[in-house]
Amino acid sequence: MTVTIVGAQLGDEGKGGIVDVFGESADVVARYQGGDNAGHTVVHDGETYKLSLVPSGAVRGKVGVLGNGCVVNPATLFDEIDDLREMGLDPEVRLAKRAQVILPVHRFLDNVAEDVRSDDDLEVGTTGRGIGPTYEDKVGRRGVRVADLLDDECLRERLEYLLPLKRRLVEDVYGIDLASTDLAFDGFTAAEAFDVEAVFEQYRAYGERLAEEGMPVAAGEFLTDRIDAGERVMLEGAQGTLLDIDHGNYPFVTSSNPTAGYAATGSGLGVTTVGDGEVVGVVKAYLSRVGSGPMPTELGRNVELVDDVSEVEGDESAATEANPEPEDIATYIREEGGEYGTVTGRPRRVGWLDLPMLRHAARASGFTGFAVNHVDVLAGLETVRVGHSYDLDGETIETVPATTQRWGRCEPNLRSFEGWPEVDWDAVAAEGYDALHENARAYLEYVADEIDTPVYAIGLGAERDQTIVREHPFE
Ligand code: IMO
Ligand code: MG
């Protein structure tokens, strides 16, 4: 059977931790979309593993598969595998031959395009990993796939078509002189990134290493065989529903489909196989966002976030007083939850849980259950609020509008819940659901009712045993 894990919000919901908890009883953990734009954290025996490409299960000795729906940067993949080996692990990773390869040109174009958009304040705030340009070439039918790295003639042919085309785009459309930019990615200068010979040599070498390590597979066949043999497969989504290219807040989205339908397409398993299993939505007890786009429940919406947050923002300790300012609450949650970008260290935008967003996510993916993380982070606040519905142009609506313009005009109708105290979370996690403060339980039960989906797990900290499991989807 399969269990699919999907982000229900805007990414960073703590999917890595939930994959770790439920993946305990899986044999294989497969990613079905995205690439190294993801940042999944697994804490095990006091050691923190930050993974962007290697599926989270690899930390616990599961077979990790990167499905055909992924875009893969071999430089990142090998770095990550080498780092894990240095930490004493021996990750077993398979890579779909049909997956697309991120090349240095893609990273170059990602950064150049963001730069151009920023002149009109239209930047998406991408992770700069080349995700969008790689998916563009995939649907443009000119991408390089993993299998091509294993075939010199094919690789050369693909690069000879792709790179001159991209060079014309950069030079003639963007008007960039490659010799005079100092951008460099994965060991390639801008000029080298467009040089067929240089790219060919490096990428065929990656292909050799992939083959030597026995990594390339036909993912659909590989996974189907494992399921037929009675094994359990976990499908690990990256990003989140509102970052979905179809169901997210276009154009402030990523270029793939994190929602559950793609778990079939992006892994090569049949939809009926995925649909026969469980689909678990991962929710953070509040909301955070990196990058641009609307966020109706944002706290301190008009406060500009700059890198030195201490100077512009609220007073963390004031958040627990009777009538705290929204920016004080945001500062509190950001500090308690460590809501800073893992790569850039920049503060994330923070807001209350948004129910219209969760109703939309539950429908788009058909959640059979959901997990709520970071319930401990909100502890200490006198009042916890939730965006129950939106007011939009004089109407009350309960789900996310189809356009980002309309979403940007939504004003949240907030519901208030009495807060819960800071306690010994390890003890609560060990005792189980009934040990959770009644106010926290009331909050969780309200969410479960509203999205008509049972709560399978409650995260009270980063470690596996700091999660209360009410229902295990594999059991
Ligand atoms: P995990 O898996 C949060 C956001 C970027 C940007 C938009 C497009 O850790 O939850 P991209 O580089 O994908 O073209 O950027 O998507 N984004 C994420 N935000 N968590 C992620 O992954 C994200 N991956 C991409 O910030 O707004
Ligand atoms: Mg992340």
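Because the structure is predicted, anything quoted here is derived from the model rather than measured. (Residues numbered from 1 in each chain as written. Chains lettered and ligands numbered in written order. Predicted model: local features only at pLDDT ≥ 70, side-chain atom pairs only at ≥ 80, totals over all residues. Heavy atoms only, no water.)

1. Points about the overall build of the chain
In terms of regular secondary structure, the chain is built from 16 helices and 21 strands. Relative to a compact globule of 475 residues, whose C-alpha radius of gyration would be 23 Å, the chain shows 22 Å and is just as compact. By its C-alpha atoms, the chain is 65 × 55 × 40 Å across when sized along the principal axes. Looking at the 475 residues of the chain, the share that counts as buried comes to 56%. At a minimum sequence separation of 6, the contacts of the chain that also span at least 24 residues come to 74%. When the accessible surface of the chain is totalled, it reaches about 19,400 Å², and 43% of it is carbon and sulfur. (Helix = DSSP H or I, 4+ residues; strand = E, 2+ residues; numbered from the N terminus. Rg over C-alpha atoms; globule rule 2.2 N^0.38 Å. Buried < 20%, exposed > 50% of the residue type's maximum accessible area, 1.4 Å probe, protein only. Contact = heavy atoms within 4.5 Å. Areas by Shrake-Rupley, 256 points an atom, 1.4 Å probe, with all protein chains shown as cover.)

2. Considerations on the site of ligand 1
Residues in contact with ligand 1 amount to 19 residues; listed here are only the nearest, Asp12, Lys15, His40, Thr127 and Thr254. Val124 places a polar main-chain atom, nitrogen or oxygen, 3.4 Å from an oxygen atom of ligand 1. Here an oxygen atom of ligand 1 sits 2.9 Å away from a polar atom, N or O, in the main chain of Gln239. Surface burial for ligand 1 is 97%, taken as the share of its 550 Å² of free accessible area covered by protein chains. When residues are assigned to domains, the shell around ligand 1 turns out to be shared by domain 1 (2-94 + 216-281) and domain 2 (101-209), each giving three or more. (Near = heavy atom within 4 Å. Polar contact = N/O pair within 3.5 Å; in protein donor to acceptor, adjacent residues only side chain to side chain. Domains from an automatic or database assignment.)

3. Some details on the nonpolar core
Within the largest apolar cluster, 113 residues are counted, with the highest numbers of intra-cluster contacts made by Leu77, Ile333, Leu436 and Tyr443. Here the element with the most residues in this core is helix α16 (residues 438-451); it accounts for seven residues. Among residues more than four places away in sequence, those in contact with Tyr443 are Ala285, Leu353, Leu378, Val384, Val386, Phe417 and Trp420. Core analysis: the next-biggest nonpolar cluster, separate from the first, contains 15 residues, Ile5, Ile18, Ala26 and Ala457 among them. (Core = buried A, V, L, I, M, F, W, Y, C linked by side-chain atoms within 4.5 Å.)

4. Points about the domain arrangement of the chain
As assigned here, the chain comprises domain 1 (2-94 + 216-281), domain 2 (101-209) and domain 3 (283-469). Using only C-alpha atoms to locate each centre, domain 1 and domain 3 end up separated by 24 Å. Each partner contributes residues to the interface: domain 1 has 31 residues there, and domain 3 has 36 residues. Between domain 1 and domain 3, roughly 2,900 Å² of surface is buried when both sides are summed, and carbon and sulfur atoms account for 58% of that area. Three residues, Gln9, Leu10 and Asp12, lead the burial of domain 1 against domain 3; their summed loss comes to 21% of the area buried on that side. For the pair domain 1 and domain 3, the interface holds three salt bridges. Arg464 is paired through a salt bridge with Glu24; the nearest N and O atoms lie 3.4 Å apart. On the surface where domain 1 and domain 3 come into contact, there are 20 residue pairs in polar contact (both at pLDDT 80 or more). Breaking the side of domain 1 that touches domain 3 down by element, the ones donating at least two residues are α1 (15-22), β3 (40-44) and β13 (278-284). Taken together, the residues that form the side of domain 1 that touches domain 3 break down as 14 nonpolar, nine polar and eight charged. (Buried area = accessible area lost by both parts, 1.4 Å probe. Salt bridge = Lys/Arg side-chain N within 4 Å of Asp/Glu carboxyl O. Nonpolar A, V, L, I, M, F, W, Y, C, P; charged D, E, K, R; others polar.)

5. Details of the packing of helix α2 (residues 74-86) against helix α7 (residues 196-212)
It is at 11 Å that the axes of α2 and α7 come closest, and there the two elements cross at 45°. As far as their axial angle goes, α7 and α2 are oblique. Considering how the two elements wind past one another, α2 and α7 form a crossing that is left-handed. Contact residues: α2 offers Pro74, Ala75, Leu77, Phe78, Ile81, Asp82 and Arg85, while α7 offers Tyr203, Tyr206, Arg209 and Leu210. The residue makeup of the contact of α2 with α7, split by class, is eight nonpolar, no polar and three charged. (Axes fitted to C-alpha atoms, helices over the stretch in contact; angles between N-to-C directions. Parallel < 35°, antiparallel > 145°, perpendicular 65-115°, else oblique. Left-handed = near helix turned anticlockwise from the far one by under 90°.)

6. So, α1
A large share of α1 lies buried, amounting to seven of its eight residues. Of the positions making up α1, those classed as buried are Lys15, Gly16, Ile18, Val19, Asp20, Val21 and Phe22.

7. Things to note about the pairing of strand β1 (residues 2-7)
Counting buried positions along β1 gives six out of six residues, so the element sits mostly inside the fold. Here β1 shows a buried face lined by Thr2, Thr4 and Val6 and a second buried face lined by Val3, Ile5 and Gly7. Pairing between β1 and strand β12 (residues 233-236): four bridges, direction parallel. Within β12, the residue paired with Thr4 across the bridge is Leu235. In this sheet, β13 lies alongside β1 in parallel orientation, the contact comprising five bridges. Bridged to Gly7 within β13 is Val282. (Pairing = 2+ DSSP bridges.)

8. A word on the pairing of strand β2 (residues 28-31)
A two-sided burial pattern is seen for β2, the buried positions comprising Val28 and Ala30 on one face and Val29 and Arg31 on the other. Where β2 lies against strand β5 (residues 63-66), four bridges are found, and the strand directions are parallel. Along β5, the bridge assignment pairs Val28 with Val63. Pairing of β2 with β12, which is carried by four bridges, proceeds in the parallel orientation.

9. Overview of the side chain of Ser56
Summarising the element assignment, Ser56 is placed in the loop between β4 (47-51) and β5. Among the residues examined, Ser56 registers a relative accessible area of 1% and is labelled buried. When residues no more than four places from it in sequence are discounted, the contact partners of Ser56 are Gly16, Val19, His40, Val42, Leu51 and Glu236.

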